[in-house]
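The chain contents come next:
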Amino acid sequence: MSLVYSVFVPHPPILVQEIGRGEERKCQATLDAYQEISRRLVQAEIETVILVSPHASLIRGGVTLLTEEVVQGNFVQFGAAQLSFSFAGDSTVVAQFQKDLPGVVSIQGTLDHGALVPLYFLQKAGWNGKVVLLGMPLERPEEYGLRVGQILEM
């Protein structure tokens with residue numbers, strides 16, 4: 001396992017064409033950046049995307065980890081019920097985090113919009129890999145972020 005890219009992206013649902021209905025064009029620079037990032041990730045043949053979402057379940061002193069075999073989500077709450085996504089979870093990465101990440105709390109649920117917006121653009125670019133979703137802790141997130149990086153470099 002190795003970390004290939006690290007990217008921070010905004011994730012307002014209005015960026016999604018079916019939600020923005022033309023308003024997303026007011027954020028053209030962000031749309032262009034999403035397309036470029038997605039193109040690069042597809043070109044690099046990234047197998048697994050690990051997303052850290054501020055909208056995932058959060059706890060004070062630990063990391064939440066979505067452990068579903070198939071991770072799913074949709075944009076129903078944003079008026080775009082037709083946009084539904086399903087990706088394989090990466091059981092190898094999940095198991096490694098469960099083993100080596102202190103304070104990890106396994107959760108079940110669906111992908112939130114903090115994960116779905118970037119995945120929307122990745123899928124549009126032709127990517128169809130595996131997904132892991134983390135929720136960082138409310139306290140000392142930088143320590144957990146460093147540990148996640150160390151685990152990925154093992």
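On a predicted model such as this, the values are computed, not experimentally measured, just so you know.

About the criteria used
Residues numbered from 1 in each chain as written. Predicted model: local features only at pLDDT ≥ 70, side-chain atom pairs only at ≥ 80, totals over all residues. Heavy atoms only, no water. Helix = DSSP H or I, 4+ residues; strand = E, 2+ residues; numbered from the N terminus. Rg over C-alpha atoms; globule rule 2.2 N^0.38 Å. Buried < 20%, exposed > 50% of the residue type's maximum accessible area, 1.4 Å probe, protein only. Contact = heavy atoms within 4.5 Å. Areas by Shrake-Rupley, 256 points an atom, 1.4 Å probe, with all protein chains shown as cover. Lys, Arg positive; Asp, Glu negative; His and termini not counted. Charge placed at Lys NZ, Arg CZ, Asp CG, Glu CD. Pairing = 2+ DSSP bridges. Patch = residues over 30% accessible without salt bridge, like charges linked within 9 Å, V, L, I, M, F, W, Y side chains within 5 Å. Salt bridge = Lys/Arg side-chain N within 4 Å of Asp/Glu carboxyl O. Phe/Tyr/Trp six-rings, centres within 6.5 Å; stacked < 30°, edge-to-face > 60°. Expected span 1.5 Å × (residues − 1). Arc of directions from axis to C-beta. Polar contact = N/O pair within 3.5 Å; in protein donor to acceptor, adjacent residues only side chain to side chain.

1. Topic: the overall build of the protein
Each helix and strand counted, the protein has five helices and six strands in total. Overall, the protein shows an N-to-C arrangement of helices and strands of α-α-β-β-β-β-α-β-α-β-α. For the protein, whose C-alpha radius of gyration is 15 Å, the value lies close to the compact-globule estimate of 15 Å for 154 residues. Along the first, second and third principal axes, the C-alpha set of the protein runs to 45 × 30 × 25 Å. The 154 residues of the protein split such that 40% are buried. Considering only intrachain contacts with a sequence separation of at least 6, the fraction spanning at least 24 residues in the protein is 79%. Carbon together with sulfur atoms contributes 51% to the accessible area of the protein, which is approximately 8,400 Å² in total. Separation between the mean location of the 11 positive side-chain charges and that of the 16 negative ones in the protein comes to 4 Å.

2. Examining the pairing of strand β4 (residues 80-89)
In terms of strand pairing, strand β3 (residues 70-75) meets β4 through six bridges, oriented antiparallel. In the strand pairing of β4, V70 is matched with A88. Joining the antiparallel neighbours β3 and β4 is a turn of four residues, in which G79 adopts a positive phi near 80°. Pairing of β4 with strand β6 (residues 130-135), which is carried by two bridges, proceeds in the parallel orientation. Bridge pairing in β6 links A88 to K130.

3. Thoughts on a nonpolar patch on the surface
Taken together, V4, Y5 and V7 make up a surface patch of nonpolar side chains, about 250 Å² in accessible area. With respect to the helices, strands and loops of the structure, V7 is situated in the segment before α1 (17-20). According to the relative accessible area criterion, V7 is partly exposed, its value standing at 38%.

4. Brief notes about the packing of aromatic side chains
Following the criterion strictly, the structure yields six aromatic pairs and no others. Ring geometry for F87 versus W127: centroids 5.7 Å apart, planes at 35°, classification tilted. Of this pair, F87 sits in strand β4 while W127 sits in the loop between α4 (113-124) and β6, placing them 40 residues apart in sequence. Considered together, F87 and W127 belong to a single accessibility category, that of buried residues. Between the aromatic rings of Y120 and F121, the centroid separation amounts to 5.1 Å while the plane-to-plane angle is 90°, which identifies the pairing as edge-to-face. The same class applies to Y120 and to F121, which are both buried. Put simply, the rings of Y34, F75, F78, F85, Y120 and F121 pair up and form one aromatic cluster.

5. Examining helix α5 (residues 141-152)
Given a rise of 1.5 Å per residue, twelve residues ought to cover 16 Å, and the 17 Å separating the end C-alpha atoms of α5 matches this to within 8%. Three or more residues of α5 are buried, namely Y144, V148, I151 and L152. For α5, the angular spread of the buried residues around the axis is 95°, confining them to a single face. α5 presents E142 and L146 as exposed residues on the side facing more than 90 degrees away from its buried surface. Considering only its buried residues, α5 is in contact with β1 (48-52), β2 (63-66), α3 (91-100) and β6.

6. A look at the environment of D90
Among the structural elements, D90 can be located in the loop between β4 and α3. When the C-alpha atoms of D90 and V132 are compared, they prove to be 6.2 Å apart, with 42 residues separating the residues in sequence. With residues up to four places along the chain from it excluded, the contact list for D90 reads T48, K130, V131 and V132. Among the polar contacts listed, one links the side chain of D90 to the side chain of T48, at a separation of 2.5 Å.

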